[in-house]
Amino acid sequence: MQVAALIVAAGKGERAGGDVPKQFAPLGGLPVIARAVDAFGGLPVHIVIGAGQEAALADALAGRAVASVTIGGAERRDSVRAGLAAVAASGATHVLIHDAARPLLPRAVIDRLLAVLEASEGAVPVLPVVDTLANGGTTLGETVDRNGLCRIQTPQAFRLDAIIAAHDAWTGDTPTDDAQVARAHGIDVALVTGDPTLDKLTHAADFARAEATLGRWQTRTATGFDVHRLEHGESLWLGGVEIAHTHGLSGHSDADVALHALTDALLGTIAAGDIGSHFPPSDPQWRGARSGQFVEHAAHLIAAHRGKIVHVDVTLICEAPKIGPHRDAMRERIAALLGLDIARVSVKATTTERLGFTGRGEGIGCQAAATVEFWEWRQ
Ligand code: MG
């Protein structure tokens, strides 16, 4: 028995919300389709996607090897048939047809399907119906006897030539799954026990429920603090914005004290040292450099740790210039650097009542806080 998996991932998935089709959306820090591929652990995996989804798939798979990628058709059945042709060309004798939107596939379900496939042309995982069923409408209709009813999941397993012949012979309306096509062609479909984690991800709430079984988002907060000296003849950069002022800040790079404090706050969430260890002041390449690149570097490191920046807060400490007129320009610039909604970027200012070095106008201080969520697997 040469078994291959066929993942049907051609849907547009609008009901899950967001602008990304649900098969490419992240689930617990990994794209849904990547989880589905990983679940087949070692079996050759063929994938069917929609036209124009090639780049999204490549991004989501992040280097995972798959046996083939086929562009699907207008309806699910067209996509399945295109995928089955690719599976046939690979020399497989049996196929597990799986919906990408059921990424949490236990190995035990695959093993149960393969065990019965030795003696059967088809097999599907099912779960009993536990809720009371009744006819709907504007008011409740008659209760339907649920004895003998079951919920059918995927993967659906078939002898390859049998399911291809069944699809070739199908003349009905749009089938809801492949087992329906198989039965219409006289194929006996055996039942194995499914698994609640296989329930389809349809709505945004399904993602939250599925994520809760995998792990949890843990919030980390870190702070940064920086000071630069105010001097004549320097330009003044604050929060990535150049501000006309009598003095400017001197020091490392463009001396943007706000972006330096922010960079340190971001680095703090991954305990990755401070801005000076990533961009040493002694290194001439950072002289006069725009500080936005330091913020972007920290954001990339966080992304590599599968962190999600959710909020940043920057407080400038100075008597002058007035920050208020520049606040929204700074928020916009920081939001752009972090790929964050501007509503999640706070810029504030305070004086020290003319006390201390900020009070005397000798320098500007800044403190920043960053809040980042990181995915942690359940033990
Ligand atoms: Mg600095």
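As the structure is a prediction and not an experimental result, all values here were calculated from the model.

Engineer: Looking at this model, I keep getting lost on helix α1 (residues 32-39). Mind explaining?
Structural biologist: An α-helix turns once per 3.6 residues; consequently, residues spaced three or four apart project the same way. By the criterion of burial, α1 is predominantly enclosed, with seven of the eight residues buried. Within α1, burial applies to Val 32, Ile 33, Ala 34, Arg 35, Ala 36, Val 37 and Ala 39. Positive backbone phi, at 25°, marks Gly 41, one or two positions downstream of α1.

Engineer: Quick question: what am I supposed to make of the pairing of strand β7 (residues 122-128) here?
Structural biologist: For a regular strand, side-chain orientation follows a simple rule: the groups alternate between the two sheet faces. Among the seven residues of β7, six are classified as buried, and the element is accordingly described as predominantly covered. Pairing geometry for β7 and strand β11 (residues 156-159), over two bridges, is antiparallel. Note that in β11 the partner of Ala 123 across the bridge is Ala 157. By the bridge criterion, five bridges tie β7 to strand β12 (residues 189-193) in an arrangement that is parallel. Opposite Ala 123, over in β12, you have Ala 190 as the bridge partner. Where β7 meets strand β10 (residues 150-152), three bridges bridge the pair, whose relative direction is antiparallel. Bridge pairing in β10 places Val 126 opposite Ile 152.

Engineer: Help me understand the coordination of the magnesium ion, please; the structure alone is not making it clear to me.
Structural biologist: Tetrahedral coordination by four donors puts the ideal angle at the metal at 109.5 degrees, and octahedral coordination by six puts it at 90 or 180 degrees. Distances from the magnesium ion to its protein donors, namely Asp 226 (OD), His 228 (NE2) and His 260 (ND1), fall within the range 2.1 to 2.3 Å. If you list the donors of the magnesium ion from N- to C-terminus, the spacing comes out as D-x1-H-x31-H. For the pair shown, Asp 226 and His 228 are each scored as buried.

Engineer: Would you mind going over the packing of helix α8 (residues 257-269) against helix α10 (residues 292-304) with me for this structure?
Structural biologist: Packed helix pairs are characterised by how far apart their axes lie and by the angle those axes make with each other. Between α8 and α10, whose axes approach to 9 Å, the crossing angle comes to 10°. It follows from the interaxial angle that α8 and α10 lie roughly parallel. Residues Leu 259, His 260, Leu 262, Thr 263, Leu 266, Leu 267 and Thr 269 of α8 lie in contact with α10, whose contacting residues are Gly 292, Phe 294, Val 295, Ala 298, Leu 301 and Ile 302. Grouping the amino acids of the contact of α8 with α10 by side-chain chemistry returns nine nonpolar, four polar and no charged.

Engineer: How should unusual backbone geometry be read in this particular structure?
Structural biologist: The phi torsion of most residues other than glycine is negative, and most of the peptide bonds are trans. Cis rather than trans, the peptide bond between Thr 154 and Pro 155 has omega equal to 10°. Here Pro 155 is to be found in the loop between β10 and β11. The omega torsion across Ala 320 and Pro 321 is 0°, close enough to zero to call that bond cis. You can see Pro 321 is positioned in the loop between β17 (307-317) and α11 (327-338). Residues other than glycine seldom take positive phi values, yet Arg 306 does so here, at roughly 55°.

Engineer: Got a minute to help me understand the nonpolar core in this structure?
Structural biologist: Judged by nonpolar contacts, the single largest core of 40 residues is most densely connected at Leu 238 and Leu 266. Mapped by element, the contributors of at least two residues to this core are β14 (236-238), β15 (241-243), α8, α10, β17, α11, β18 (345-350) and β19 (363-377). Among the elements that line this core, the one with the most residues is α8, at eight residues. Apart from residues no more than four positions distant in its own chain, Leu 238 is found in contact with Ile 243, Leu 249, Asp 256, Val 257, Leu 316, Ile 323, Met 330 and Ile 364. Among the nonpolar cores identified, the runner-up in size contains 29 residues, and Ala 39, Leu 43, Leu 105 and Leu 114 belong to it.

Engineer: Would you explain the environment of Lys 348 in this entry?
Structural biologist: Structurally, Lys 348 can be placed in strand β18. Overall, Lys 348 belongs to the partly exposed group, its relative accessible area being 34%. Along the primary structure Lys 348 and Asp 38 are separated by 310 residues, whereas in three dimensions their C-alpha atoms are 46 Å apart. For Lys 348, the contacting residues outside a window of four places in its chain are Asp 313, Val 314, Thr 315, Leu 316 and Arg 327.

Engineer: Which parts of the structure should I look at to understand the pairing of strand β5 (residues 68-71)?
Structural biologist: The alternating pattern of β5 places Ser 68 and Thr 70 on a buried face, while none of Val 69 and Ile 71, on the opposite face, is buried. When strand β4 (residues 45-49) meets β5, the two strands line up parallel, connected through four bridges. From the neighbouring strand, Val 48 faces β5, where its bridge partner is Thr 70. For the segment spanning β4, helix α2 (residues 54-61) and β5, crossover handedness is right-handed.

Engineer: Please clarify how the environment of Asp 161 should be interpreted in this entry.
Structural biologist: Looking at where Asp 161 falls in the secondary structure, it is placed in helix α5 (residues 160-169). On the basis of relative accessible area, Asp 161 is assigned to the partly exposed category, the value being 48%. Of note is the side chain of Asp 161, whose polar atom sits 2.8 Å from the side chain of Arg 159.

Engineer: How do you make sense of the packing of helix α3 (residues 76-89) against α5 when you look at a structure like this?
Structural biologist: Packing of α3 against α5 brings their axes to within 11 Å, and their N-to-C directions diverge by 145°. Crossing of α3 over α5 shows left-handed handedness. Touching Arg 77, Val 80, Arg 81, Leu 84, Val 87 and Ala 88 of α3 are Leu 160, Ile 163, Ile 164, His 167 and Asp 168, all from α5. Looking at the contact of α3 with α5, its residues break down into seven nonpolar, one polar and three charged.

Rules used in this analysis
Residues numbered from 1 in each chain as written. Predicted model: local features only at pLDDT ≥ 70, side-chain atom pairs only at ≥ 80, totals over all residues. Heavy atoms only, no water. Buried < 20%, exposed > 50% of the residue type's maximum accessible area, 1.4 Å probe, protein only. Helix = DSSP H or I, 4+ residues; strand = E, 2+ residues; numbered from the N terminus. Pairing = 2+ DSSP bridges. Donors = N, O, S within 2.8 Å, 3.2 Å for Na, K, Ca; no water. Axes fitted to C-alpha atoms, helices over the stretch in contact; angles between N-to-C directions. Parallel < 35°, antiparallel > 145°, perpendicular 65-115°, else oblique. Contact = heavy atoms within 4.5 Å. Nonpolar A, V, L, I, M, F, W, Y, C, P; charged D, E, K, R; others polar. Core = buried A, V, L, I, M, F, W, Y, C linked by side-chain atoms within 4.5 Å. Right-handed = clockwise from strand over helix to strand, strands pointing away. Polar contact = N/O pair within 3.5 Å; in protein donor to acceptor, adjacent residues only side chain to side chain. Left-handed = near helix turned anticlockwise from the far one by under 90°.

From the geometry alone we can't say anything about function, so treat these as descriptive.
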